[in-house]
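The primary structure of each chain is shown beneath.
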Amino acid sequence: MSFRSYSRALLAMMGLFGAFGGMQTALADDHGGRTSRVPLLPKYQEECAACHVAYPPGMLPQASWQRIMNNLPRHYGTDASLDAATVRELSSWLDANAGTYKRVAEAPPQDRITRSAWFIRKHDEVSESVWKRPSVKSASNCIACHTQANQGVFNEHDVRIPR
Amino acid sequence: MKFFFLNLFFPALLAVLGLASATLTPVVQAATPAELLSGYTAQAASPAVPSRGQQFFTSRHGREWSCSSCHGMVPTQAGKHAATGKSITPLAPAFNPERFTNSAKTEKWFRRNCNDVVGRECSAAEKADILSWLLTLKP
């Protein structure tokens, strides 16, 4: 091969890899977008984000949300009961927006987002001791590290693990 | 004349009253902490005792949590949910003007949190004691 055609081929290869690499970065940045940033129903924000982060409805399948809404007086150790009209309103909104996150077909154990296979895989680099830090406290406390969790943004590039 | 009243006036009156009651409902729920307190003391048929309220609030009642577990021993600063770590705005009205200004909201949280802390609904006297103590907390 001549020098010219060799360098052209090399440039073409570099171009291809560059484009591919660029695409990867774009896809990686889209992780936050894949949580399907459905605007949160104001009532959901008001009633369901007083004690914990407003979990995106897409992160659990319908069956999980239904079980949660039917058992509010026994909500993971506390009484989170609401009047019947509010339960109905929230349930139908959750139903309509459930399961849009990737690989969320199967209900996780105890309907806990943090026990989902995808969650465990995504956080497998986080050591056990981090979850126990007082500044974090629990894997369900998304906002400790995902500072934009309340806006439904979980982009790994924005993660700040507190001490 | 009959036609006027039956077909026009009364339906219009009903519509106006219906609209008025729909818009007034949130206003009916709105209250001041002092109004809510007098409601509870009236129900309890006895005066509120702030020191008893402080005692109730900061003690455990045979279960894992006290009110203070989330709201703090002196709820004039942000508290923290004992399980989730979520920040909770101050409970004392002098430090948070939104507190105890909506009767439905107040009743909802008393119902749930007393169930968690005490295992039952709080009595009107207990609610009065707690609120009267919270109102003594000033900057």
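None of these values were measured; they are calculated from a predicted model.

Definitions and cut-offs
- Residues numbered from 1 in each chain as written.
- Chains lettered and ligands numbered in written order.
- Predicted model: local features only at pLDDT ≥ 70, side-chain atom pairs only at ≥ 80, totals over all residues.
- Helix = DSSP H or I, 4+ residues; strand = E, 2+ residues; numbered from the N terminus.
- Contact = placed C-beta atoms within 7 Å.
- Buried ≥ 20, exposed ≤ 12 C-beta atoms within 10 Å, placed from the backbone.
- Arc of directions from axis to C-beta.
- Nonpolar A, V, L, I, M, F, W, Y, C, P; charged D, E, K, R; others polar.
- Core = buried A, V, L, I, M, F, W, Y, C linked by C-beta atoms within 7 Å.
- pLDDT = per-residue confidence, 0-100.
- Axes fitted to C-alpha atoms, helices over the stretch in contact; angles between N-to-C directions.
- Parallel < 35°, antiparallel > 145°, perpendicular 65-115°, else oblique.

1. Considerations on the overall build of chain B
Regarding its fold elements, chain B presents six helices and two strands. Listed N to C, the secondary structure of chain B is α-α-α-α-β-β-α-α in terms of helices and strands. Sequence-distant contacts, at least 24 apart, represent 60% of the contacts inside chain B between residues at least 6 apart.

2. Overview of the overall build of chain A
Counting its regular elements, chain A contains six helices and zero strands. Each of the 163 residues in chain A was classed as buried or not, and the buried ones make up 17%. Pairs at least 24 residues apart make up 63% of the contacts formed inside chain A by residues separated by at least 6 positions.

3. Looking at helix 3 (residues 62–69) of chain A
Residue and element names in this part refer to chain A. For helix 3, the complete set of buried residues consists of Ser-64, Trp-65 and Ile-68. Across the axial projection of helix 3, the buried residues extend over an arc of 95°, all falling on one side. Of the surrounding elements, those touching the buried residues of helix 3 are helix 4 (84–97).

4. Side note on the interface of chain A and chain B
Reports often express the size of an interface as the amount of accessible area lost when the parts come together. Residue-level contacts link 12 residues of chain A with eight residues of chain B. Broken down by class, the residue content of the side of chain A that touches chain B amounts to three nonpolar, seven polar and two charged.

5. Some details on the nonpolar core
All names here are of chain B. Leu-37, Ala-128, Ile-130, Leu-131 and Leu-134 are the most contacted members of the largest nonpolar core, which has 19 residues in total. Where this core is concerned, the elements lending two or more residues are helix 2 (33–44), helix 3 (50–58), helix 5 (103–117) and helix 6 (124–136). Tallying contributions element by element places helix 6 first for this core, with six residues. Leave out the neighbours within four places in its chain, and Leu-134 touches Pro-75, Leu-91, Ala-92 and Pro-93.

6. What to know about the environment of B:His81
Mapped onto the secondary structure, B:His81 falls in the loop between strand 1 (79–80) and strand 2 (87–88). A tally of 19 C-beta atoms within 10 Å means that B:His81 is categorised as partly exposed. Through-space distance from the C-alpha of B:His81 to that of B:Trp109 is 14 Å; in sequence the pair is 28 residues apart. Among all residues touching B:His81, those that are not within four sequence positions of it are A:Cys51, B:Cys70, B:Lys86 and B:Ile88.

7. Looking at unusual backbone geometry
In this model, A:Gln110 sits at a positive phi of 55°, which is unusual for a non-glycine residue. Inspection of the secondary structure assignment puts A:Gln110 in the loop between helix 4 and helix 5 (117–122). With a phi close to 55°, B:Ala45 is a non-glycine residue in the positive phi region.

8. Considering the confidence of the model for chain A
Overall, the prediction assigns chain A a mean pLDDT of 85, with 83% of residues at 70 or greater. Below a pLDDT of 50 lies the segment residues 21–33 of chain A, which in the model reaches eight contacts outside its immediate sequence neighbourhood of four places, other chains included.

9. Here's the deal with helix 3 of chain B
Residues and elements named next belong to chain B. Those residues of helix 3 that sit buried are Gly-53, Gln-54, Phe-56 and Phe-57. Looking straight down helix 3, one finds that the buried residues subtend no more than 165° of arc, so they occupy a single side. Lining the buried residues of helix 3 we find helix 4 (68–71) and helix 6.

10. Quick notes on the environment of B:Gly119
Take B:Gly119: it is sitting in the loop between helix 5 and helix 6. A sequence separation of 58 residues divides B:Gly119 from B:His61, and the C-alpha atoms of the two residues are 8.3 Å apart.

11. Quick look at the packing of helix 3 of chain B against helix 6 of chain B
All names here are of chain B. It is the contact of helix 3 with helix 6, at a shortest axis distance of 7 Å, that shows an interaxial angle of 100°. The angle between the axes of helix 3 and helix 6 places the two elements in the roughly perpendicular class. In contact with Pro-50, Arg-52, Gly-53, Gln-54, Phe-56 and Phe-57 of helix 3, helix 6 contributes Glu-126, Asp-129, Ile-130, Ser-132, Trp-133 and Thr-136. Split by residue class, the contact of helix 3 with helix 6 holds five nonpolar, four polar and three charged.

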